[in-house]
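Working through the structure, step by step
Listed here are the chains, written in short residue letters.
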Amino acid sequence: MTREPAPPARDAGTPPPRKIRVAVLMGGPSPERDVSLDSGTQVVRSLDPERYEVLPVEITREGQWVPRPDLRQLAAPEAAHDAPQAGTQVSASTPRRIDEVVGDGAADVVFIALHGPYGEDGTVQGLLELLGVPYIGSGVLASALAMDKLRSRQILQQNGMPVPAYTVVDGGRWPGNRTEVAERVARDLGYPCVVKPNGVGSSIGVTIVGDAGGLPDAIGQALIYGDVVLVEEQLKGTELTCAVLEDPETGVARALPLIEIVPKRAFFDYAAKYEPGNSEEICPARVPAPQARRAEQMALRVHRVLGCEGFSRVDLFLVGGDVVVLEANTIPGMTAGSLIPLAARTAGIEFPELCRRVIGSAFRRERLRKRRAGGA
């Protein structure tokens, strides 16, 4: 099945078409596991049970694939306020092979709610390509590029898009060139500066460094999450994010209303993103219309240049009248408090409809691939 059917009419005299089987992947071994579990359970709760047969799948910290039919109860009205159990323990006898869980017709489409390494970086996308299973969001290349902050910035710079000034720290060389790195930071960036891992999201491992004395510890903390670290200028201005959503029939991308982020902490860190009351997200953003249009157009350019599909969220800064690109997210958070659901809701798109459109885009891509391969 590649084209998503319309939901059956309640008074139809003929049997309705089979429901679309949607496997929702959540969890995983990345540092963003808990956020992923929240995103996945929110998707499970919101998918229309008349249209979809939902197959929740938890990927454990050890990388095992565990069907979680118990999570289907989240869709029941009486479970609407239940909190997802992020630390759920599963029996060692429960895991199944990947192809059994989603392959060979077990799932018609996979809703990836995995964040960070192994879920957002092209890894699981490549696996699903090999299994021939449609999936939501960007393909292998765009996923890998967007997750790699350094590579994506290099591509954006080559396409004339402004990014923060930065320098790169190679973890393998770091023990022997600390003095050189410190000199580069002082000369090219100054303090305060921002130190961040190259390949994780949710502001994990990010530190604002106020002076040279704090630089080594901040780099050491970021190196826990990978061998490449970025040290960049700290931008002063208005923090923005812009969601991009493609039409599931035409593939035309549109920018959703711009969101202004006002952290109540030093910056928009993990706690500010996910703990209630630590930040204010204002949508539409309180910026002049010309700057808002420029930011939205920039987000659309980033989406296209990196080859994103389905949906994305682009983080930006408005510095004076200039829009600066921070990064793109190909599997943006889908929790109740996440930013893309807020932008969609402001545009009149409720969460279940947002999920439906994202799934529709996955089927659209599958139809196009089959057509190019001569299979349709």
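Going by the structure above, here's the rest.
In what follows, the accompanying structure is described. In this text the structure is predicted, and so the values were computed from the model without any measurement.

Right, let's get into the sheet that holds strand β5 (residues 166-170). Reading across from one edge, β5-β8-β6-β7 is the order of the four strands in this open sheet, with antiparallel pairing throughout. The sheet is open, and its two edges are formed by β5 and β7 (207-209), each paired on a single side. Ignoring strand direction, the axes of neighbouring strands in this sheet form an average angle of 25 degrees. Sheet topology note: the strand β6 (residues 193-197)/β7 ladder contains three bridges and is antiparallel. Each bridged residue has a counterpart across the sheet, and for C193 the counterpart in β7 is V209. Along the sheet, helix α7 (residues 215-223) makes contact with β5, β6, β7 and β8 (228-233), crossing β6 at roughly 25 degrees.

Attention shifts here to the pairing of β8. Note that β5 and β8 share five bridges and pair antiparallel. Its bridge partner lying in β8, Y166 is registered against E232.

Here we come to the pairing of β6. Consecutive side chains of a regular strand alternate in pointing toward one face of the sheet and then the other. When you tally the buried positions in β6, you get five out of five residues, the bulk of the element. Of the two faces of β6, both are covered, the one formed by C193, V195 and P197 as well as the one formed by V194 and K196.

Time to look at the nonpolar core. Ranked by internal contacts, the top residues of the largest apolar core, which has 53 residues, are V24 and F111. The dominant element in this core, judged by the number of residues it contributes, is helix α11 (residues 351-372), at seven residues. If we ignore the near neighbours within four places in the chain, the residues touching F111 are V22, A23, V24, L25, V43, I136, M334, C355, V358 and I359. Counting residues in hydrophobic clusters, the runner-up holds 24 residues, among them A146, A285, V287 and M298.

Time to look at the packing of aromatic side chains. Summed over all chains, the structure comprises zero aromatic pairs. Positioned above the aromatic ring of Y166 is the side chain of R153, whose terminal nitrogen or guanidinium carbon lies 5.5 Å from the ring centre. In this structure, R365 packs its charged tip against the face of Y135, placed 4.4 Å from the ring centre.

Parameters and conventions
Residues numbered from 1 in each chain as written. Predicted model: local features only at pLDDT ≥ 70, side-chain atom pairs only at ≥ 80, totals over all residues. Heavy atoms only, no water. Pairing = 2+ DSSP bridges. Helix = DSSP H or I, 4+ residues; strand = E, 2+ residues; numbered from the N terminus. Axes fitted to C-alpha atoms, helices over the stretch in contact; angles between N-to-C directions. Contact = heavy atoms within 4.5 Å. Buried < 20%, exposed > 50% of the residue type's maximum accessible area, 1.4 Å probe, protein only. Core = buried A, V, L, I, M, F, W, Y, C linked by side-chain atoms within 4.5 Å. Phe/Tyr/Trp six-rings, centres within 6.5 Å; stacked < 30°, edge-to-face > 60°. Lys NZ or Arg CZ within 6 Å of the ring centre and 35° of its normal.

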